[in-house]
Amino acid sequence: MTGATLAASLVERGLDPGELAARASLFDLVLSRLGHIPKRTAEARAPLHAWWVPGRLEAFGKHTDYAGGRTLVCAVPRGFAVLARPRSDGTLQVADARRMQDGSFEAAPRPSTSPPLSGWRHYVDVVARRIARNFPGASLGADIVIASDLPRAAGMSSSSALVIGIATALVRVARIESRPEWLENITGPSDVAGYYACIENGRSFGSLPGDAGVGTHGGSEDHAAILTGSPGRLSAFAFVPMRAIGVAPVPERWRFVLSPCGVVAQKTGAAQESYNRLSSGTRVLLDLWNRSSSSAAVSLGDALGVSGAPNARTSPAAAEQLRGAVRASNTPGWTRDALERRLNHFIREDARIPDALDAFRNTDAEGLGRLADDSQREAETLLGNQISETRALAQAARNLGAFASSSFGAGFGGSVWALVERDRADAFARAWHADAFIAVPGPPVVELTV
């Protein structure tokens, strides 16, 4: 087994063949690192497992998923190479082969007084302790080696991909998929994505109790794209609950080009508070709806009537009723203007999903340009999660000839996507930004034959 054979298997699953050499190098890195971890005698015949875990691109659907809205996403051709094998001593050891860092983790529920770990170790620790909590007695001892070529904290879901990679490895190594708690709550890939999202945001999933999570109050669009995406296609999802509502091929003559803006999108401290405020705004709106309406809703999308069919549109009557509740509200920490801007952003961004699906299906470059320009502008004026670097990068893409461009990710940093003609993609990427790269939508999480 070599990195080349693992990468070749990934190409067979739909990865762009142009990514073969880079993926082979990444898998060689984790294979080499695992080779330096001593095996115990009892582990000599232990099975070895390998996975590809991609990052994700959000084309449309800025901050709509956790509020029951819709998004249009895909898996990107960069991500994590993951190797895992069981350990007989019950210890969980995780090594990051690219950063040359490692850590030992306790797979047990965390006492409330224990301080959280920092950096990537915090995410691993959260995953291990949540799985131990939800599946008591599971044998979570393992050696896990990871390596990623995703830009870190750049809006391409490097943290969610890490959570998914560690969770996938532990579930496989500990044979959790055969346990009654798993079978009771998880019946397919969408449920897996939903559960892993709840590991990250701390919510309960079915009868599997939650905890503090990683500290951010996000949704599950990242996990949907990473676990259920389709090579060469964009996938549309609705949320709360999560379900697939449509796909659209990326026309062969088009290419996505992605670039981080250069500012790390931290989700700690003040940046985490700004991110979580966008989520809390939709919860305030939902609470106003449920206090003013005779029909209770489970999400903002449910209240507005957009959480059903793929082509559903906001109910004008429901939107006006909620605006009336906002104008009569007195919510600590929220002005009426701020709540109305948050409501207007959700309505307009969510409505772009069916229009964008049609534009991709019809190869409508002009229509996508209008949708992307509106999405970018309203992220600045209504959502308020843009910085000067993302604004400038999106505008630079348009100036260089991209027919559509917009920022994506949580905001307050992150990345920008651009759509260009395939024949111009290489030259465009070089002219646009030093870190730009071409991204043909790739396969979701894949377990590779070892």
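1. Looking at unusual backbone geometry
Inference 1: The step from V240 to P241 runs through a cis peptide bond, and the omega angle for that step is 0°.
Inference 2: Tracing the sequence through the fold places P241 in the loop between β6 (233-238) and β7 (243-249).
Inference 3: Positive phi, normally seen in glycine, also occurs at V240, with a value near 60°.
Inference 4: Among the secondary structure elements, V240 is positioned in the loop between β6 and β7.
Inference 5: In this structure, T363 takes a positive phi of about 50° despite not being glycine.
Inference 6: Along the polypeptide, T363 turns up in the loop between α11 (336-361) and α12 (365-383).
Inference 7: For T363, a relative accessible area of 30% corresponds to the partly exposed category.

2. Details of the pattern of salt bridges
A side chain with one charge can pair with a side chain of the opposite charge if their charged atoms come near.
Inference 1: Applying the stated criterion to the full structure yields 32 salt bridges.
Inference 2: Measuring nitrogen to oxygen at the nearest pair gives 3.3 Å for the salt bridge that ties E221 to R56. Of the two residues, E221 sits in helix α7 (residues 221-228) while R56 sits in strand β1 (residues 49-60), which places them 165 residues apart along the sequence. Judged on exposure class, the residue E221 and its partner R56 are both buried.
Inference 3: Of the charged contacts in the structure, one is a salt bridge between R179 and E181, with a shortest N-O distance of 2.8 Å.
Inference 4: Taken together, the shared-partner salt bridges in this structure form one network comprising R85, R87, D89 and D143.

3. What about the side chain of E340?
Inference 1: By the element assignment, E340 lies in helix α11.
Inference 2: Residue E340 is classed as buried on the basis of its relative accessible area, which comes to 16%.
Inference 3: Within polar-contact distance, the side chain of E340 engages the side chain of R327 at 2.8 Å.
Inference 4: With near-sequence residues (within four places) excluded, E340 lies in contact with R323, V326 and R327.

4. As for helix α1 (residues 3-12)
Inference 1: Looking only at α1, the buried set comprises G3, L6, A7, S9 and L10. Taken around the axis of α1, the buried residues stretch over an arc of 155°, which confines them to a single face.
Inference 2: Looking at the buried residues of α1, the elements they touch are α2 (20-35), β1 and β12 (446-448).
Inference 3: Phi turns positive, to about 120°, at G14, one or two residues after α1.

Conventions used here
- Residues numbered from 1 in each chain as written.
- Predicted model: local features only at pLDDT ≥ 70, side-chain atom pairs only at ≥ 80, totals over all residues.
- Heavy atoms only, no water.
- Helix = DSSP H or I, 4+ residues; strand = E, 2+ residues; numbered from the N terminus.
- Buried < 20%, exposed > 50% of the residue type's maximum accessible area, 1.4 Å probe, protein only.
- Salt bridge = Lys/Arg side-chain N within 4 Å of Asp/Glu carboxyl O.
- Polar contact = N/O pair within 3.5 Å; in protein donor to acceptor, adjacent residues only side chain to side chain.
- Contact = heavy atoms within 4.5 Å.
- Arc of directions from axis to C-beta.

These figures capture arrangement, not role.
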